[in-house]
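An overview of the molecular structure
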Amino acid sequence: MTFRELTLGAVAGVTVALAAASPALAQERPALGVEVNSDENRRGLSWSGGRVSPSADIYASGGAFEASGRIVALRDSDRHGGAALVGDLSAGASTTIGLVTVRGRVTGHLFGGAGFDADYVELGGSAAYTLGPVQLDAGADYAPVQDAIGGDNLYVHAGAQAGIPGTPWTVLAGIGHSSGKTNDPFRAARLRPGGDYADWRLGVEHVTGPVTLGLDYVGTDVSERTASAFVLADARHSGDRIVGRVRFSF
Amino acid sequence: MHMLMIAGLALGAATASDGALEHRVQLDHHSGPVAVRYSADVGVTHRQIGAVTTGGRPSTLRCLWSANVTVHREARGNSGTTLMRSAGQDGVIEGSRPGWCSANRTAIAQDVARRQDAVRDHLQAVAQEDHGLLRAEMDRLHPDTRAG
């Protein structure tokens, strides 16, 4: 059984279990969304080569369990071996203690059209403190040693989001740091171009009914000169940029 | 000879009032007609779920809302008897909206108003179920005396 089959099976199993075991799921129907980003940017790195990227997603929760799926056009991503798209399948659980929600999840990233076996999996945990329209969060995602990413990868992050009272505006800020052990520097450059690095993000979001508009400034301290030694680093698309997005939720 | 008389409430012409969240019926009881008014109070609770996420994860920030309906019954008989009762039920209508609850309260109130038919249906269903209980309460207060 391949990693892809294992991931699909695990997420499908959790989703079916959610639907079958939890009456709460019927109350909290799955949330669906379609989105267009000016760049599919994760942790400050472009996954779509700086090109516009449409995506669709689904998120379902039932009791303590939650599952999500997202499919994203990567448009022959240099970072991921020419992949045309990626599917992110995630299953996890959360619990709320007072004003703090703690989450744990496993996520499989499955690439379509890549020139090599690019799929990888990571484990994540986070805690979010919500008080009214203010949310603070911190967490970590760890991808164990895998050939697809040339070693392992640890991403630690923290963020703050605040809805401006009486307005549809949210302001947000976040920082993160990627590190890891490198077995294959060429593959490791996918997630850590030129080695360990930090990223940051400042943004605003405007929600009107089902429509969300977002504009973010994202940046990294990736050295383009160091990263340019590796094809998969896509060094030209690993630095500062403005990213816009339009989302329709239903 | 002891003759048992059925002293029930005969449901009179049940006419709903024009009021959006009010239901009025006239019931016939051996003690005299009983005017019954049912009214509904709607309360909305909000629950913030999910998170504002960017960079590879769908934004899951949503406000779940649930309308709780409390139906109040006020029955007045000719003798001046007043019988009151309240029954509440959670989650008569539910929904969700993307974003913060604090920014969505007005829109959610409009959602609830748009689905007032469901509240009215609930009000009438509760009223229908209450007739038996009301009959029993009236019988206890005004036992039938026509026994021979």
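Please read all numbers here as calculations on a predicted model, not as lab measurements.

**A look at the overall build of chain A**
Within chain A one finds 4 helices and 14 strands. With 250 residues in all, chain A has 46% of them scored as buried. Once local pairs closer than 6 in sequence are excluded, the contacts in chain A between residues at least 24 apart make up 53%.

**A word on the overall build of chain B**
Secondary structure assignment for chain B yields 2 helices and 5 strands. Reading the helices (α) and strands (β) of chain B from amino to carboxyl end gives β-β-β-β-β-α-α. By the burial criterion, 28% of the 148 residues in chain B qualify as buried.

**Remarks on unusual backbone geometry**
Residues and elements named next belong to chain A. The backbone of Asp76 shows a phi angle near 60°, a positive value even though the residue is not glycine. Here Asp76 lies in strand β5 (residues 65–77). The exposure class assigned to Asp76 is partly exposed, which follows from the 16 C-beta atoms found within 10 Å. One non-glycine residue, Asp234, lies in positive phi territory at about 45°. Relative to the helices and strands, Asp234 resides in the loop between α4 (224–227) and β14 (241–249).

**Overview of helix α1 (residues 101–114) of chain B**
Working note: α-helix, 3.6 residues per turn, so residues spaced by three or four point in the same direction. With 14 residues, α1(B) should reach 20 Å at 1.5 Å per residue; the first-to-last C-alpha distance of 18 Å fits that figure. Its maximal kink placed at B:Ala107, α1(B) deviates by approximately 35°. Against the buried residues of α1(B) lie β10 (151–163) and β12 (197–208) of chain A together with β3 (32–49), β4 (62–77) and β5 (82–98) of chain B.

**Regarding the pairing of β12(A)**
Residues and elements named next belong to chain A. Every second residue of β12 is oriented toward a common face, the buried set being Tyr197, Asp199, Arg201, Gly203, Glu205 and Val207 and the non-buried set Ala198, Trp200, Leu202, Val204, His206 and Thr208. For strand β11 (residues 169–179) and β12, the ladder comprises 10 bridges, and the chain directions are antiparallel. Residue pairing in the sheet places Val171 in a bridge with Val204 of β12. Sheet analysis places β12 next to strand β13 (residues 211–220), joined by 10 bridges and oriented antiparallel. Looking at β13, one finds that Trp200 is bridged to Gly219. Connecting β12 to the next strand, β13, in antiparallel fashion are 2 residues, including Gly209 with a positive phi near 55°.

**Examining the environment of A:Ala64**
Residue and element names in this part refer to chain A. Its place among the elements puts Ala64 in the loop between β4 (53–62) and β5. Linking Ala64 and Val243, residues 179 residues apart in sequence, is a C-alpha distance of 33 Å. Those residues in contact with Ala64, other than ones at most four positions away along the chain, are Ala93, Ser94 and Thr95.

**A short note on the interface of chain B and chain A**
Listed as interface residues are 17 residues of chain B and, on the opposing side, 34 residues of chain A. For the side of chain B that touches chain A, the elements supplying multiple residues, two or more each, are β4, β5 and α1 of chain B. Taken together, the residues of the side of chain B that touches chain A sort by class into 7 nonpolar, 8 polar and 2 charged.

**Details of the nonpolar core**
Residues and elements named next belong to chain A. Residues Leu74, Ala83, Leu85, Val86, Phe111 and Ile149 are the most contacted members of the largest nonpolar core, which totals 27 residues. Among the secondary structure elements, those contributing two or more residues to this core are β5, β6 (83–97), β7 (100–112) and β8 (120–131). Looking at this core, the element that brings in the most residues is β6, giving 4 residues. Apart from residues lying up to four places away in sequence, Val86 is in contact with Val72, Leu74, His80, His109, Leu110 and Phe111.

**A short note on the sheet that holds β5(A)**
With antiparallel pairing, 12 strands are arranged side by side around a closed barrel as β1-β4-β5-β6-β7-β8-β9-β10-β11-β12-β13-β14 (chain A). The sheet shows a mean angle of 20° between the axes of neighbouring strands, taken without regard to direction.

**Describing the confidence of the model for chain B**
Residue and element names in this part refer to chain B. Residues with a pLDDT of 70 or more make up 83% of chain B, whose mean pLDDT is 82. By mean pLDDT, the top-scoring element of chain B is β4 (94), and the lowest-scoring one is strand β1 (residues 10–11) (36). For the stretch residues 1–19, pLDDT sits under 50, and the model shows 35 contacts to residues farther than four places along the chain or on other chains. Confidence metrics for the complex model read pTM 0.79 and ipTM 0.72.

**Some thoughts on the pairing of β5(A)**
Residue and element names in this part refer to chain A. The pairing of β4 with β5 spans 8 bridges and is classified as antiparallel. Its bridge partner lying in β5, Tyr59 is registered against Ser68. Connecting the antiparallel pair β4 and β5 is a turn made up of 2 residues, with Gly63 showing a positive phi of about 60°. Of the pairings in the sheet, the one linking β5 to β6 comprises 10 bridges and is antiparallel in character.

Basis of the calculations
Residues numbered from 1 in each chain as written. Chains lettered and ligands numbered in written order. Predicted model: local features only at pLDDT ≥ 70, side-chain atom pairs only at ≥ 80, totals over all residues. Helix = DSSP H or I, 4+ residues; strand = E, 2+ residues; numbered from the N terminus. Buried ≥ 20, exposed ≤ 12 C-beta atoms within 10 Å, placed from the backbone. Contact = placed C-beta atoms within 7 Å. Expected span 1.5 Å × (residues − 1). Bend = angle between axes of the 7 residues up to and from the residue. Pairing = 2+ DSSP bridges. Nonpolar A, V, L, I, M, F, W, Y, C, P; charged D, E, K, R; others polar. Core = buried A, V, L, I, M, F, W, Y, C linked by C-beta atoms within 7 Å. Axes fitted to C-alpha atoms, helices over the stretch in contact; angles between N-to-C directions. pLDDT = per-residue confidence, 0-100.

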